[in-house]
Amino acid sequence: DIQMTQSPSSLSASVGDRVTITCRASQSISSYLNWYQQQPGKAPKLLIYGASSLQSGVPSRFSGSGSGTDFTLTISSLQPEDFATYYCQQSYTTPRTFGQGTKLEIK
Amino acid sequence: QVQLQESGPGLVKPSQTLSLTCTVSGGSISSDSYYWSWIRQPAGKGLEWIGRIYTSGSTNYNPSLKSRVTISVDTAKNQLSLNLSSVTAADTAVYYCARAVSRAFDIWGQGTVVTVSS
């Protein structure tokens, strides 16, 4: 299985901050990397697919980059509704695997 | 728009079979453009992909669960199903069904909590 490792596991930030979350794959996955946001008690929501494509309806302050083994999710200016847990997921091969999550908390 | 809704028993006894259904509304489950997956999440933990099915019936399962999992689709009812046999407490989780397009899970059900306990 391809292991996905996110860093940091948790992060404290303030409204208006620029935040970057990193995801590393245990082998090259080309650009087959997706990002999800999960609010407490809710299902995950797709933010970014194919490493850098913004899902329809997702605010443009979210962006993704990377290829191969190293990827980043950037939120350019944090809004109150962005405090949540973020997961990366590889779609290069089965079994699909997710990172362990990054919990973004209010400072 | 397309919506997914999971349903099934919230409590299952150890060694029994967990059976869940996901009903697709607002669109057809029969499309070559999509496939359908089950994903689970133990309380306070991360996401685990269980497996997927194409409406052709072709399936792929997580090797960690493969011997116990069956995913099926009923196109007439616009539903997909999950059977997980010989459950233990480790199978206690929120179970989600999700649609995949362009290799990403773009639509998710709200999730259903399943507890394995006697």
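Computed from a predicted model, the values in this text were never measured in an experiment. (Residues numbered from 1 in each chain as written. Chains lettered and ligands numbered in written order. Predicted model: local features only at pLDDT ≥ 70, side-chain atom pairs only at ≥ 80, totals over all residues. Heavy atoms only, no water.)

**As for the nonpolar core**
Let me state the cut-off plainly: To form a nonpolar core, buried Ala, Val, Leu, Ile, Met, Phe, Trp, Tyr and Cys residues must be joined to one another through side-chain atoms within 4.5 Å. Each residue's exposure class comes from its accessible area (1.4 Å probe, protein chains only) as a fraction of the maximum for that residue type: buried when under 20%, exposed when over 50%, partly exposed otherwise. To qualify as a helix, a DSSP run of H or I must reach at least 4 residues; to qualify as a strand, a run of E must reach at least 2; elements of each kind are numbered from the N terminus. We call two residues in contact whenever any of their non-hydrogen atoms come within 4.5 Å of each other.
Of all hydrophobic cores here, the largest spans 26 residues; its most connected members are Leu4, Leu18, Trp38, Val69, Leu80, Leu82 and Tyr95 of chain B. Looking at this core, the elements that each hand over two or more residues are strand S3 (18–25), strand S4 (35–41), strand S5 (48–53), strand S7 (69–74), strand S8 (79–84), strand S9 (93–101) and strand S11 (112–116) of chain B. Every residue in contact with tyrosine 95 of chain B, bar those within four places of it in the chain, is listed here: Glu6, Leu18, Leu20, Ile39, Arg40, Ile50, Leu82, Leu84, Gly111, Thr112 and Val114 of chain B. Grouped together as the second largest cluster of nonpolar side chains are 24 residues, Ile2, Ile48, Leu73 and Leu104 of chain A included.

**Observations concerning the interface of chain A and chain B**
Cut-off, in case you're wondering: Buried area is a sum: the accessible area each of two parts loses on coming together, probed at 1.4 Å, counted once for each and added. A carboxyl oxygen of Asp or Glu within 4 Å of a side-chain nitrogen of Lys or Arg is what we treat as a salt bridge. Under the rule applied, a polar contact is a pair of N or O atoms within 3.5 Å (in protein, one hydrogen donor and one hydrogen acceptor; residues adjacent in sequence only if both atoms are side-chain atoms).
Tallying the contact residues gives 19 residues for chain A and 19 residues for chain B. Contact between chain A and chain B buries roughly 1600 Å² in total, counting both sides, with carbon and sulfur atoms accounting for 60%. Among the residues chain A hides against chain B, the three largest losses belong to Pro44, Arg96 and Phe98 of chain A. Together they make up 34% of the total. In this structure, the connection of chain A to chain B is made through zero salt bridges. Seen at the junction of chain A and chain B, the total is nine residue pairs in polar contact (both at pLDDT 80 or more). Elements that contribute at least two residues to the side of chain A that touches chain B include exactly strand S4 (33–38), strand S5 (45–49) and strand S9 (85–90) of chain A. Residue contributions to the side of chain A that touches chain B peak at three residues, all from S4 of chain A.

**Let's talk about the pairing of S7 of chain B**
Residue and element names in this part refer to chain B. What counts is decided by this rule: Strands pair, by our definition, only if DSSP identifies at least two bridges between them.
Here S7 pairs with S8 via six bridges, running antiparallel. The residue of S8 that forms the bridge with aspartate 74 is glutamine 79. The antiparallel hairpin formed by S7 and S8 contains four residues in its connecting segment, where asparagine 78 sits at a positive phi of about 60°.

**Some words on the layout of surface pockets**
We apply this condition: Site definitions follow a grid-based scheme: protein atoms alone, a 1 Å grid, a 1.4 Å probe that fits but cannot get out for cavities, and for pockets an open set with protein on both sides within 12 Å along at least five of seven lines, plus lining residues having an atom within 4 Å of a point. Grid points are joined across faces, edges and corners, and a volume is the space filled by probe spheres set on the points. Each residue is assigned to one of three groups, with Ala, Val, Leu, Ile, Met, Phe, Trp, Tyr, Cys and Pro labelled nonpolar, Asp, Glu, Lys and Arg labelled charged, and all others, Gly among them, labelled polar.
In this structure, the largest pocket spans a volume of roughly 550 Å³. What lines the largest pocket is a set of 28 residues, among which Gln38 and Tyr87 of chain A together with Gln41, Gly44 and Lys45 of chain B lie closest to the centre. Breaking the lining of the largest pocket down by element, the ones donating at least two residues are S9 and strand S11 (102–106) of chain A together with S9 and S11 of chain B. Space inside the second largest pocket adds up to approximately 390 Å³. Taken together, 17 residues line the second largest pocket, and the ones lying closest to its centre are Pro44 of chain A together with Val2, Asp106, Ile107 and Trp108 of chain B. Of all the secondary-structure elements, those providing two or more residues to the lining of the second largest pocket are S5 of chain A together with strand S1 (3–7) and strand S10 (104–108) of chain B. It is S10 of chain B that provides the largest number of residues to the lining of the second largest pocket, a total of three residues. Split by residue class, the lining of the second largest pocket holds eight nonpolar, six polar and three charged.

**Overview of the side chain of arginine 61 of chain A**
All names here are of chain A. Inspection of the secondary structure assignment puts arginine 61 in the loop between strand S6 (53–54) and strand S7 (62–67). Residue classification places arginine 61 among the buried residues on the basis of a relative accessible area of 18%. One polar contact links arginine 61 to glutamate 81, side chain to side chain, over a distance of 3.4 Å. A polar contact is formed between the side chain of arginine 61 and the side chain of aspartate 82, at a distance of 2.8 Å. Non-local contacts of arginine 61, meaning those with residues more than four positions away in its chain, are made with Thr74, Ile75, Ser76, Ser77, Gln79, Glu81 and Asp82.

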